[in-house]
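# Examining the three-dimensional arrangement
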Amino acid sequence: MKFKSLGTAATSIALFATALTGTVAAAGTAAAAPPKDCSKAIVNVKAKETVKVRTSPKTSATALGIWGKGKRGGICNDGKAYKGGSYTACGKKSNLWYYGGDKVNGWVPKTCINW
């Protein structure tokens with residue numbers, strides 16, 4: 001019975017904190033994804049190597065498709081790179097990702113895109 005009342009108290013505190021701050025904090029959650037504004041895109045960008053286009057900026061994310069080596073595509077958000085999961089790709093190590101693609105848009109490693 002003590003555990004049940006502790007859970008209720010913790011929930012009440014969390015709700016109160018949310019009311020004060022307007023945000024919900026959760027352990028282990030990532031920051032909100034950056035805007036995917038493809039109206040401001042860098043076009044005719046080539047991939048250095050064939051890369052997977054992913055649902056989020058990390059190598060464990062689901063692949064939506066591929067961007068073939070030498071194929072032209074676009075990088076959204078005026079070519080701004082965003083921090084995500086670390087990777088080694090195209091001979092370099094980084095944690096920076098672009099949002100874009102050639103046939104489908106998603107997250108691609110910055111080190112594999114030429115522009």
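The structure reproduced in this document is the subject of the present report. All of these numbers come straight from a predicted model, not from anything done at the bench. (Residues numbered from 1 in each chain as written. Predicted model: local features only at pLDDT ≥ 70, side-chain atom pairs only at ≥ 80, totals over all residues. Heavy atoms only, no water.)

## Describing the overall build of the chain
We count it as follows: Secondary structure elements are defined from DSSP: runs of H or I of at least 4 residues count as helices, runs of E of at least 2 residues count as strands, and each element is numbered from the N terminus. Think of it in three bands: residues with accessible area under 20% of the maximum for their type are buried, residues over 50% are exposed, and the middle band is partly exposed, with areas taken using a 1.4 Å probe on protein chains only. The criterion used for residue contact is that any of the two residues' heavy atoms lie within 4.5 Å. Areas reported as accessible are Shrake-Rupley estimates using a 1.4 Å probe. Residue values count occlusion only from the protein chains shown.
A tally of regular secondary structure across the chain gives one helix and eight strands. Helices and strands appear in the chain in the N-to-C order α-β-β-β-β-β-β-β-β. When each of the 115 residues of the chain is scored for burial, the buried share is 28%. A separation of at least 24 residues holds for 54% of the contacts in the chain among residues at least 6 apart in sequence. For the chain, the exposed surface amounts to about 7,700 Å²; the carbon and sulfur share of it is 58%.

## Structural notes on the pairing of strand 4 (residues 72–75)
One face of the sheet, then the other: side chains in a regular strand alternate in exactly this way. This is how it is decided: Strands were regarded as paired on the criterion that DSSP finds at least two bridges between them.
Looking at chain direction, strand 1 (residues 42–47) and strand 4 are connected through four bridges and run antiparallel. Note on strand 4: the bridge partner recorded for lysine 46 is arginine 72. Here two bridges tie strand 4 to strand 6 (residues 92–101), and the two strands are oriented antiparallel to one another. Each bridged residue has a counterpart across the sheet, and for isoleucine 75 the counterpart in strand 6 is glycine 100.

## Remarks on the nonpolar core
Condition: Working definition of a nonpolar core: buried Ala, Val, Leu, Ile, Met, Phe, Trp, Tyr and Cys residues. They are joined through side-chain atoms within 4.5 Å.
Counting 17 residues, the largest nonpolar core has Trp67, Ile75, Val108 and Ile113 as the members making the most contacts within it. Broken down by secondary-structure element, the contributors of at least two residues to this core are strand 1, strand 2 (51–54), strand 5 (82–89), strand 6 and strand 7 (106–109). Among all residues touching isoleucine 75, those that are not within four sequence positions of it are Lys40, Ala41, Ile42, Val45, Trp67, Tyr98, Tyr99, Gly100 and Ile113.

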